[in-house]
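# Residue-level structure breakdown
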Amino acid sequence: MTVFIIRRLLASVVLLFFISLISFFIITLTPGSPYPWGELNPKVSEDVKRIFREKFHLDKPLHEQYGFIMRDLFSGELRSIKDERPVLAKIAERLPATLALNLGALALSLSFGLLLGVYGARHAGRPPDVITSVLAFVFIALPGFWVSYLLAIGLVNYGAVPILGTHTIGVTFANGLEVFLDRWWHVMLPASILAIGGVAVQSRFIRASMIETLREDYIRTARAKGLDENAVFYRHALRNSVRPLITGIGMLLPALIGGAVIIENIFAYPGMGRLGYEAVLERDYPTLVALNFVTAALVLLGNLLADVLYAVVDPRVRLE
Amino acid sequence: MITTTPEPLEAAAASPMERSLRRFRANKIGLCALGMVGLLAVVAVAFFVLDVLGIPWPMDPDATNLERKLLPPDSVNWLGTDNLGRDVFSRLLNGAYISLTVGFVAVFVSLFIGVTVGAVAGYFGKWVDNLIMRFVDAIMCFPTFFLILTAVALVGPSIFNIIIVIGLVSWTGTARLVRAEFLTLRESAYVQAARALGQRGPKIIFRHMLPNAAAPILVTAVLGVPEAILAEAGLSFLGFGVQPPQATWGNIIADGKTYILDAWWLILFPGLAILIAALSFYLTGDALRQAVETRSERQ
């Protein structure tokens with residue numbers, strides 16, 4: 001087990017290196033100027049440009065720039081072009097909100113995906129399965145921003161679900177529990193919308209894996225010894241088909257974090273996605289490099305956890 | 001006398017292609033979805049041609065009419081008008097080709113990269129494979145939409161840039177699939193024979209192995225189109241899509257969101273268009289997948 005984890009960690013270091021390369025080169029290799037002002041803006045004097053270039057090491061060759069950016073990133077010295085605050089601090093203050101939103105959406109995707117997938121597999125090939133299958137594709141095909149607006153219209157007019165921010169403004173709560181509940185109440189709507197696609201993807205995987213398991217010999221044995229169909233299905237087959245629940249963690253995270261950019265914008269939710277969108281608008285290069293790096297590293301961490309978890313719950317997985 | 005010809009059974013003599021076609025034809029949902037894809041393509045091409053020829057039908061999508069702004073659907077403007085009095089129905093039809101062009105061309109770009117990378121990794125194996133696949137793993141860690149947004153924002157939004165960026169970002173799935181197929185195909189007898197005959201790598205890859213991996217590649221291609229359509233819609237919505245005055249389904253919603261409580265038709269109809277287009281491609285792709293899968297799920 002320890003050997004397995006160490007090996008995975010080593011492999012992750014290699015991946016992290018590639019990740020750092022990619023997040024750096026997206027910014028440097030794309031045409032377009034790295035300056036917050038236009039390249040040919042006559043109002044900006046040569047001196048200002050030179051100082052700017054030196055400050056952000058833009059006068060150095062690419063490989064040295066990469067070195068500087070990574071050094072600054074890891075030492076926490078990388079600063080935003082916009083407000084000169086350390087980028088890592090800006091990301092850190094958005095992290096709790098981002099984690100609440102994405103983990104909430106992940107939990108919803110996995111649980112409802114499991115329900116929908118199991119239901120589909122239970123009725124495989126019959127009308128309920130066909131209906132849930134088509135429904136799953138409708139869910140995948142729904143543009144999140146469109147659903148957000150439709151729901152927002154409905155909820156503003158007829159409901160009491162909060163649609164802005166992370167907490168009720170101007171209210172002091174009696175204790176920590178109420179603060180906590182208030183925050184979850186606010187996360188709920190964006191997290192549900194973010195989870196729609198994930199539920200559908202997850203249900204497809206669970207369904208396929210379930211149908212595969214039902215063809216196994218031991219299922220035939222269980223039926224042959226006279227177990228009733230529910231016992232075969234829920235006690236024997238289900239346990240061996242929940243693999244997608246774990247692989248789903250690694251697969252869904254990038255999509256969720258990416259989708260959160262739009263959702264956070266609509267619901268004025270102060271997460272990393274919104275920070276990213278603001279950085280894009282301001283062409284804040286250091287923040288963009290750091291954000292891409294940190295989010296990818298978070299996904300990598302999620303993958304790693306999934307792998308370890310996978311090995312823990314399934315003794316058939318050999319850890320060497 | 002009434003003669004009935006029995007439905008031909010799945011004869012062993014039928015080629016895999018014929019069997020797949022037969023299975024696809026039996027899938028009603030898949031056929032409907034394919035029909036919908038065809039209809040969308042015809043609409044997109046027709047209204048693109050009308051636009052180029054300058055024939056305003058049903059109305060000029062860019063003509064403003066401030067006396068008739070923000071009107072709900074009626075007999076003149078079938079799906080209502082926007083804040084500048086432009087006809088939403090005409091703008092929807094006119095925007096169709098943007099979505100489909102982005103969908104198809106971006107998939108071509110991503111297929112080109114994905115197939116090449118996957119084929120090289122799968123055919124050569126060993127350290128080449130290892131290096132390439134670690135790189136692919138790293139790209140897969142990035143939140144795709146954020147990556148696309150970053151890149152498009154830096155390069156500048158235009159239909160060409162959007163297509164290239166979406167294509168450059170979304171090839172990893174194809175690469176993994178092609179690599180997996182190639183790792184298996186590499187060991188097959190005909191590839192060994194071709195190698196024994198002294199044929200060179202590229203010829204073996206493209207002449208012999210690629211055609212045998214065509215079916216799963218086709219499926220991922222069809223399933224990739226709606227991904228690109230949704231990504232473009234999201235970009236347009238955030239203001240980084242194809243720029244106004246050109247109508248796209250995403251930017252009609254983006255412009256309409258200011259009037260959300262007064263003009264629901266500006267949000268509802270373009271969203272439905274995106275949903276229907278994406279859903280048709282997904283269902284077609286899924287039907288194709290079921291048709292080419294060697295062991296059918298229903299057995």
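Keep in mind that what you see is a predicted model, and the values were worked out from it rather than measured.

Backbone torsion omega between Pro 244 of chain B and Pro 245 of chain B reads 5 degrees, so that peptide bond is classified as cis. Its location among the elements puts Pro 245 of chain B in the loop between α10 (214-238) and α11 (249-256). A positive phi angle, near 45 degrees, is found at Ala 268 of chain A, a position not held by glycine. Mapped onto the elements of the fold, Ala 268 of chain A is located in the loop between α10 (243-266) and α11 (272-282). Positive phi outside glycine occurs at Leu 70 of chain B, with the angle close to 50 degrees. Checked against the element boundaries, Leu 70 of chain B lands in the loop between α2 (28-53) and α3 (88-124). Note on Leu 70 of chain B: relative accessible area 24%, which makes it partly exposed.

Let's shift gears to the pattern of salt bridges. Taken as a whole and judged by the stated rule, the model has 17 salt bridges over all chains. For Glu 278 of chain A, the salt bridge goes to Arg 274 of chain A, with nearest N and O atoms at 3.7 Å. Here Arg 274 of chain A and Glu 278 of chain A lie together in helix α11, a separation of four residues that amounts to about one turn. For Glu 278 of chain A, a relative accessible area of 25% translates into the label partly exposed. Here Arg 289 of chain B makes a salt bridge to Asp 286 of chain B, at a shortest N to O gap of 2.8 Å. Residue Arg 289 of chain B and its partner Asp 286 of chain B are located together in helix α12 (residues 265-292), separated by three residues, close to a single helical turn. A relative accessible area of 8% places Asp 286 of chain B in the buried class.

What follows is about the confidence of the model for chain A. Of the residues in chain A, 96% reach a pLDDT of 70 or more, and the chain-wide mean stands at 83. No element of chain A has a lower mean pLDDT than helix α2 (residues 46-55) of chain A, which averages 78, and none a higher one than helix α5 (residues 127-141) of chain A, which averages 91.

Glancing now at the packing of aromatic side chains. Scanning the entire structure with this criterion turns up 17 aromatic pairs over all chains. Aromatic pair Phe 17 of chain A and Phe 18 of chain A: ring centres 6.1 Å apart, planes at 50 degrees, arrangement tilted. Measuring from centroid to centroid gives 4.4 Å for Phe 145 of chain A and Phe 237 of chain B, while their planes differ by 15 degrees, and the two rings are stacked. Of the two residues, Phe 145 of chain A is situated in helix α6 (residues 144-158) and Phe 237 of chain B in helix α10; the pairing between them involves two chains. With relative accessibility at 3%, the residue Phe 145 of chain A sits in the buried group. Taking the ring centre of Phe 237 of chain B as reference, the NZ or CZ of Lys 257 of chain B above it sits at 4.8 Å.

A word on α2 of chain B. Residue and element names in this part refer to chain B. Compared with an ideal rise of 1.5 Å per residue, which puts 26 residues at 38 Å, α2 spans 37 Å between its outermost C-alpha atoms and is within 8% of the ideal. For α2, every residue scored as buried is listed here: Gly 30, Ala 33, Val 37, Leu 40, Ala 44, Phe 47 and Leu 50. Check the buried side of α2 and you find it contacts α1 (16-26), α3, α11 and α12. The residue sitting at the N-terminus of α2 and contributing the capping side-chain oxygen is Asn 27; that oxygen lies 3.3 Å from the backbone nitrogen of Ile 29. Backbone geometry just downstream of α2 places Gly 54 in the positive-phi region, at approximately 75 degrees.

On to the interface of chain B and chain A, then. In this assembly, 48 residues from chain B lie in contact with 51 residues from chain A. Buried area between chain B and chain A, summed over both chains or domains, comes out near 4400 Å², and the portion from carbon and sulfur atoms is 79%. The tally of links from chain B across to chain A stands at three residue pairs in polar contact (both at pLDDT 80 or more). At the level of secondary structure, the elements contributing two or more residues to the side of chain B that touches chain A comprise α4 (126-141), α5 (144-155), α10 and α12 of chain B. Per-element accounting of the side of chain B that touches chain A gives the leading share, 12 residues, to α12 of chain B. Partitioning the side of chain B that touches chain A into residue classes produces 34 nonpolar, six polar and eight charged.

Analysis parameters
Residues numbered from 1 in each chain as written. Chains lettered and ligands numbered in written order. Predicted model: local features only at pLDDT ≥ 70, side-chain atom pairs only at ≥ 80, totals over all residues. Heavy atoms only, no water. Helix = DSSP H or I, 4+ residues; strand = E, 2+ residues; numbered from the N terminus. Buried < 20%, exposed > 50% of the residue type's maximum accessible area, 1.4 Å probe, protein only. Salt bridge = Lys/Arg side-chain N within 4 Å of Asp/Glu carboxyl O. pLDDT = per-residue confidence, 0-100. Phe/Tyr/Trp six-rings, centres within 6.5 Å; stacked < 30°, edge-to-face > 60°. Lys NZ or Arg CZ within 6 Å of the ring centre and 35° of its normal. Expected span 1.5 Å × (residues − 1). Contact = heavy atoms within 4.5 Å. Polar contact = N/O pair within 3.5 Å; in protein donor to acceptor, adjacent residues only side chain to side chain. Buried area = accessible area lost by both parts, 1.4 Å probe. Nonpolar A, V, L, I, M, F, W, Y, C, P; charged D, E, K, R; others polar.

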